[in-house]
Amino acid sequence: MNYWPLLGVAVVVAGFMLKRSPVLVVVVAGVVSALAAGMGVGDLLALLGNAFVSNRALLLFVLTLPVIGLLERYGLRERAQAWIAGFRSMTLARLLIAYLGLRQLLSMFGLIDLAGHAQTVRPLLAPMSEAAASGADGAIDATTRERVRALAAATDNIGRFFGEDVFLAFGAVLLIQGFYDRQGIHLEPLAIALWALPTAIAAFVIHAIRIAWFQHKLAGRALREKRGQERPLVDSHDQGQSLE
Amino acid sequence: MIAIEHIYWLLGAFLVIATWLNLRERRRAMAAFWAVLAGAFLFGDAIQRASANGVRWPAQAMGLGVISLGLLAASGRMQADKEVEGAASVRRASAQRLGNRLFVPALAIPLATLALALGAKYLRWGESSLIDTAQPTLISLGIACVIALLVALRTTHASLPQAFGEGRRLLDTLGCVAVLPILLATLGSVFAATGVGDAIAALVGMVIPTDNRIACLAAFALGMVLFTVIMGNAFAAFPVLMAGIGLPLLVLRHGADPAVLGAMGMLTGYCGTLLTPMAANFNIVPAVLLELPDQYGVIRAQMPTALALLVVNFVLMWLLVFRAT
């Protein structure tokens, strides 16, 4: 057994860890493992060229760019933001769970970059979540605010990741199809995309439960603090002790 | 009959337009990058036919092209233009004017793809079927994009060159990231052809009992998570683990369902993406954007979901992947 081609794997790991241009890393890894396997330059080039051409279906998503680009110029993102802003005056749990479901659905339809940390989380979801988590007087302590913001960002990631694989023209689906195709196993992208559904549903359920639990704990703490305020003498006594 | 090759030519033509627009603005690195890709789409069929007939130079020329893609990406000259100021208010006004009609063309892509793919068997043009039934999904996607473009032009009253210009803008913004999936798939093929998969499979065989299919599946899942955490990218982990464990041990030896293994194996890697600071644009950038004092705050918020989902996903995969055997 020739273990030298494993150098290609080492190149991928090291290159990604060192944050080199991923395109260069991948090309170098291919060249290294081919040379380590004892291939000549002519065979190496033919292998690279043939493999690249037979995986070209992965770039078909580029055909959607004129449509999406045109719609973006005419305000598609702004429209999506206005839509999400319509969720105002919801509880924290309802807001985040609705966003999670919406983000998953949009990703499943291939509208992956309509939302995101810069597009929707920072301008909309994070401030709306904070508002929903604050008390009637609008007060929120720093720790809670940070945890609410982090949860909003996490909700966006989870909604995106576990929706996009259901879209059949998405890179992951076509990467899987392309890999098998070269090995003589022919699959339809639709057949692969459908198997991402069970995990997508599980992701929604698990994260929704966590969001609800977060709100439950938040409400519990608010209630305790309220009771504490009704006994101001004990409260100030406690504070005095903890300062010592 | 519409075959997949026609869709590839359409894409090649769009890449030629992108090349030309970049050349006109004297961005030569970007133009060269899209020109190489256009070659893969316009001559892809010819390259494959030549290789099948034993003529190797077209494939070798394409191989040189692939290497030049890596060099162009590393040259650092592939920056897209920053967006022009003042466009935001125009977009807001237009969003208000067009309202939810903006969603129609965007949703037309997936819905028309699905309808055409499912109806491909029944659409006929004289004697032969309208869509080549060997690859109905991808051909349907191509046709759906054309339909959606026509709908979008009607909705926005924009011109066709404007649509190509906007498509080019998005393509330049994606830059070399756009070709990463295709290159990783290529790397997967190279790994399989150079014996990397066999070497990993041999190493794995020294550590775990390869006769036991659950041990193999667990090694595959843990490997996906581990490699994703180290590299910050499930796409990059996929060809390594698939060539090493997925294909030789699980699919060929234990009869795992390849579609289930591919889809759910990739999602196992996604659980790892939620856990790693290496996936900076998802986990670290938002912490900065939201001004969190703890740069791992987002990862901390994701961790319980990621770990619970990892367990559920593994159990689902175990139940579904071997159901035929």
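Just so it is clear, the model here is predicted, and its values are computed rather than measured.

Draft legend 1. How the structure looks around the overall build of chain A. The helix and strand tally for chain A stands at 12 helices and 0 strands. If you list the helices and strands of chain A from N to C, you get α-α-α-α-α-α-α-α-α-α-α-α. Against the compact-globule benchmark of 18 Å for 244 residues, chain A has a radius of gyration of 25 Å, which places it well outside the compact range. Each principal axis of the C-alpha distribution contributes one length, and for chain A these read about 85 × 50 × 30 Å. Taking all 244 residues of chain A together, the buried fraction comes to 53%. Within chain A, residue pairs in contact and separated by at least 24 positions form 70% of the contacts whose partners lie at least 6 positions apart.

Draft legend 2. Inspection of the overall build of chain B at higher detail. Along chain B, the regular secondary structure elements total 16 helices and 2 strands. By principal-axis analysis of the C-alpha atoms, chain B measures approximately 60 × 60 × 45 Å. Across the 325 residues in chain B, those meeting the buried criterion constitute 51%.

Draft legend 3. Region of interest: the interface of chain B and chain A. The interface of chain B with chain A comprises 118 residues on the first partner and 107 residues on the second. Ranked by the residues each element gives to the side of chain B that touches chain A, the list is headed by helix α9 (residues 180–193) of chain B, at 14 residues. Partitioned by chemical class, the residues of the side of chain B that touches chain A number 85 nonpolar, 26 polar and 7 charged.

Draft legend 4. View of the nonpolar core. Membership of the largest hydrophobic core comes to 196 residues, with the highest contact counts inside it found for V12, V62, L96 and L175 of chain A together with L11, I245 and A263 of chain B. Beyond its immediate stretch of four places on either side in the chain, I245 of chain B contacts I200, A201, V204, C216, A219, F220, G223 and L250 of chain B.

Draft legend 5. View of unusual backbone geometry. Residue and element names in this part refer to chain B. The phi angle at R26 is positive, at roughly 60 degrees, despite the residue not being glycine. By the secondary structure assignment, R26 is in the loop between α1 (4–24) and α2 (28–42). One non-glycine residue, H157, lies in positive phi territory at about 55 degrees. In this fold, H157 is placed in the loop between α7 (136–156) and α8 (160–174).

Draft legend 6. Representation of the confidence of the model for chain A. Residues and elements named next belong to chain A. In the predicted model, chain A carries a mean pLDDT of 85, and 91% of its residues have values of at least 70. When the elements of chain A are averaged for pLDDT, helix α12 (residues 232–243) gives the smallest value, 44, and helix α8 (residues 142–164) the largest, 94. Across residues 233–244 the pLDDT falls below 50, and counting only partners more than four positions away or on other chains, this stretch makes 2 contacts in the model.

Draft legend 7. Here's a closer look at the packing of helix α6 (residues 103–119) of chain B against α7 of chain B. Residues and elements named next belong to chain B. Contact geometry of α6 with α7 gives a least axis separation of 7 Å together with a crossing angle of 150 degrees. Considering the angle they form, α6 stands roughly antiparallel to α7. Crossing of α6 over α7 shows right-handed handedness. Taking contact as the criterion, the partners of V104, P105, A108, I109, A112, T113, L116 and A117 in α6 are, on α7, P136, T137, S140, L141, I143, A144, C145, I147, A148, V151, A152 and T155. Of the residues in the contact of α6 with α7, the class split is 16 nonpolar, 4 polar and no charged.

Draft legend 8. Focus on the packing of helix α1 (residues 7–17) of chain A against helix α2 (residues 22–36) of chain A. Residue and element names in this part refer to chain A. With their axes 7 Å apart at the nearest point, α1 and α2 run at an angle of 160 degrees to one another. One element, α1, and the other, α2, form an angle in the roughly antiparallel class. Seen from above, α1 lies across α2 with right-handed handedness. Residues L7, G8, V11, V12, G15 and F16 of α1 pack against P22, V25, V26, V28, A29, G30, V32, S33 and A36 of α2. Residue composition of the contact of α1 with α2, by class: 11 nonpolar, 4 polar and no charged.

Conventions used here
- Residues numbered from 1 in each chain as written.
- Chains lettered and ligands numbered in written order.
- Predicted model: local features only at pLDDT ≥ 70, side-chain atom pairs only at ≥ 80, totals over all residues.
- Helix = DSSP H or I, 4+ residues; strand = E, 2+ residues; numbered from the N terminus.
- Rg over C-alpha atoms; globule rule 2.2 N^0.38 Å.
- Buried ≥ 20, exposed ≤ 12 C-beta atoms within 10 Å, placed from the backbone.
- Contact = placed C-beta atoms within 7 Å.
- Nonpolar A, V, L, I, M, F, W, Y, C, P; charged D, E, K, R; others polar.
- Core = buried A, V, L, I, M, F, W, Y, C linked by C-beta atoms within 7 Å.
- pLDDT = per-residue confidence, 0-100.
- Axes fitted to C-alpha atoms, helices over the stretch in contact; angles between N-to-C directions.
- Parallel < 35°, antiparallel > 145°, perpendicular 65-115°, else oblique.
- Left-handed = near helix turned anticlockwise from the far one by under 90°.

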